[in-house]
Amino acid sequence: MTIRLGYGTNGLTDLRLDDALALLAGLGYDGVGLTLDHMHLDPLAPDLAARTRHVAHRLEQLGLGVTVETGARYVLDPRRKHGPSLLDPDPEARAARTRLLVRAVEVAADLGAHAVHCFSGITPRHTTPDTAWQRLTEALAPVLVAADRTGVPLAIEPEPGHLLADLSDFHHLRILSGDPEPLGLTLDIGHCQCLEPSSPADCVRDAAPWLRHVQIEDMRRGIHEHLPFGDGEIDFPPVLEALDTLGDTGYRGLTVVELPRHSHAGPELARTSLDFLRSRIPSKAPRGALKGATPCR
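Residues numbered from 1 in each chain as written. Predicted model: local features only at pLDDT ≥ 70, side-chain atom pairs only at ≥ 80, totals over all residues. Heavy atoms only, no water.

Undergrad: In this structure, what is going on with the overall build of the chain? I would like to understand it.
TA: When you go through the chain residue by residue, the secondary structure sums to nine helices and ten strands. Computed over its C-alpha atoms, the radius of gyration of the chain comes to 19 Å, within 12% of the 19 Å expected for a compact globule of 297 residues. Along the first, second and third principal axes, the C-alpha set of the chain runs to 70 × 40 × 40 Å. Within the chain, the fraction of its 297 residues that count as buried is 54%. For the chain, the share of sequence-separated contacts (at least 6 apart) that also reach a separation of at least 24 residues comes to 75%. Element-wise, carbon and sulfur atoms account for 50% of the exposed surface of the chain, whose accessible area totals about 13700 Å². (Helix = DSSP H or I, 4+ residues; strand = E, 2+ residues; numbered from the N terminus. Rg over C-alpha atoms; globule rule 2.2 N^0.38 Å. Buried < 20%, exposed > 50% of the residue type's maximum accessible area, 1.4 Å probe, protein only. Contact = heavy atoms within 4.5 Å. Areas by Shrake-Rupley, 256 points an atom, 1.4 Å probe, with all protein chains shown as cover.)

Undergrad: Explain the packing of helix α1 (residues 17-27) against helix α9 (residues 266-280) here, please?
TA: Between two packed helices, the angle of one axis relative to the other and the distance separating the axes together describe the packing. Axis separation between α1 and α9 bottoms out at 10 Å; the angle between their running directions is 30°. Of the possible angle classes, the one that applies to α1 and α9 is roughly parallel. Of the two possible hands of crossing, α1 and α9 adopt the one that is right-handed. Seen from α1, the contacting residues are L23, L24 and L27; seen from α9, they are P267, A270, R271, L274 and R278. (Axes fitted to C-alpha atoms, helices over the stretch in contact; angles between N-to-C directions. Parallel < 35°, antiparallel > 145°, perpendicular 65-115°, else oblique. Left-handed = near helix turned anticlockwise from the far one by under 90°.)

Undergrad: Explain unusual backbone geometry to me, please; I cannot follow it from the model alone.
TA: Residues other than glycine predominantly adopt negative phi, and peptide bonds predominantly adopt the trans conformation. In this model, G83 is joined to P84 through a cis peptide bond whose omega is -15°. In this structure, P84 sits in the loop between β3 (65-69) and α3 (91-111). Not every positive phi belongs to a glycine, and L41 is a case in point at roughly 50°. Secondary-structure assignment places L41 in the loop between β2 (31-35) and α2 (48-62). Note on L41: relative accessible area 8%, which makes it buried. One non-glycine residue with positive phi stands out, namely H126, at about 65°. Along the chain, H126 turns up in the loop between β4 (116-118) and α4 (129-150).

Undergrad: Looking at this structure, how should I read the pattern of salt bridges?
TA: Pairs may arise between side chains of opposite charge once their charged atoms sit close together. According to the stated counting rule, one finds eight salt bridges in the structure shown. For the salt bridge of E106 with R149, the shortest nitrogen-to-oxygen distance reads 3.5 Å. With E106 in helix α3 and R149 in helix α4, this pair connects stretches of sequence that are 43 residues apart. Here R149 falls in the exposed class, since its relative accessible area comes to 53%. With its nearest N and O atoms 3.4 Å apart, the salt bridge here joins D275 to R271. (Salt bridge = Lys/Arg side-chain N within 4 Å of Asp/Glu carboxyl O.)

Undergrad: Honestly, the environment of T35 in this entry has me stumped. Any pointers?
TA: Structurally, T35 can be placed in strand β2. We classify T35 as buried; its relative accessible area is 5%. Between the alpha carbons of T35 and A132 there is a distance of 25 Å; along the sequence they are 97 residues apart. Sequence-distant contacts of T35, that is, excluding residues within four places in its chain, are made with T9, N10, H40, E69, G71 and A72.

Undergrad: Explain the packing of aromatic side chains here, please?
TA: How two aromatic rings sit relative to each other is set out by the distance from centre to centre and by the angle between their planes. All told, the structure shown has four aromatic pairs when counted by the stated rule. Between Y7 and Y29 the ring centres are 5.9 Å apart and the planes differ by 70°, which places this aromatic pair in the edge-to-face class. Placement of the pair is Y7 in strand β1 (residues 5-8) and Y29 in the loop between α1 and β2, with a sequence separation of 22 residues. Neither residue differs from the other here; Y7 and Y29 are each classed as buried. Arranged with centres 5.1 Å apart and planes meeting at 10°, the rings of F229 and F276 form a pair that is stacked. Of the two residues, F229 is situated in the loop between β9 (223-227) and α8 (236-244) and F276 in helix α9; the sequence distance between them amounts to 47 residues. (Phe/Tyr/Trp six-rings, centres within 6.5 Å; stacked < 30°, edge-to-face > 60°.)

Undergrad: Looking at this structure, how should I read α8?
TA: Residues lying three or four places apart along an α-helix face the same way, a consequence of the helix completing one turn every 3.6 residues. Every buried residue belonging to α8 is among F236, V239, L240, A242, L243 and D244, and all of these are buried. Each element contacted by the buried residues of α8 is listed here: α6 (189-195), α7 (200-207), β7 (211-216), β8 (218-220), β10 (255-257) and α9.

Undergrad: Hey, could you run me through the pairing of β1 in this one?
TA: One face of the sheet, then the other: side chains in a regular strand alternate in exactly this way. What you see with β1 is no split at all: L5 and Y7 on one side and G6 and G8 on the other are buried throughout. One ladder, built from three bridges, connects β1 with β2; its direction is parallel. Bridge assignment links G6 to a residue of β2, and that residue is G31. (Pairing = 2+ DSSP bridges.)

Undergrad: What is the right way to look at the pairing of strand β6 (residues 183-188) in this model?
TA: Among the six residues of β6, six are classified as buried, and the element is accordingly described as predominantly covered. Alternating positions in β6 separate into two faces, L183, L185 and L187 on one and G184, T186 and D188 on the other, with burial throughout. Both strand β5 (residues 154-156) and β6 contribute to a ladder of three bridges, which runs parallel. Its bridge partner lying in β6, L154 is registered against L183. Read as a crossover between parallel neighbours, the route from β5 over helix α5 (residues 167-176) to β6 is right-handed. (Right-handed = clockwise from strand over helix to strand, strands pointing away.)

So this is what it looks like as structure tokens:
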């Protein structure tokens, strides 16, 4: 099995970070999707370096891999969800988001993270598509420089309703940016079910060359609502089979359960989610033990 399963801390916001990490390690997860937020490794509070060293030590103690996620709702602005974004009309506001992402890359490097996740944001009113794409590429440029310097890739997520909403939009950004090496992709399996023309399993295969992070949950077609496994419409065995082959393409990141609206039941959902996914990962015969094979002599 090459799938390395994690759980997102944005679905465990009622737990202290140390307790959340211990919970996930005890359940048998391979890693964690760590959202930098006021309750979990606040990126704007004092003594960030010391707090980051503590978290890095705990991750090492517990044997957990990590991806740094940056989808905290109100970490920059207590009044605007996910504001300001990389598309904000105010250049200073866009710069604040850029600085946060650069800081996230630096934290990720100190944690030994596989990638830093981000998203574009919603196109503001009275903003043309060309202007929005120009703002996005310019705002991401310093982040990509930091990603290149630290060796931690930036994995942007297509998000329903955002400027960068689907896989075709990711490729548009990649071309506009000159196809920089540090720019990769976060693929959310539920989002594939929600709006992509291809099946989630086909999305995994199509995205493989650029994939740096994976999020997973259940979802229904046309409805952007993250659901516990079994409450949506996704046929998971083909998806997990496609994910299980990513190791052959060099992917070594995590597949992180993403249930940000279910923290009230986080510990129990962490347990049942792991059981659900493990029970549906296709079993493989050992290499060299194919049916009908004759042993070498």
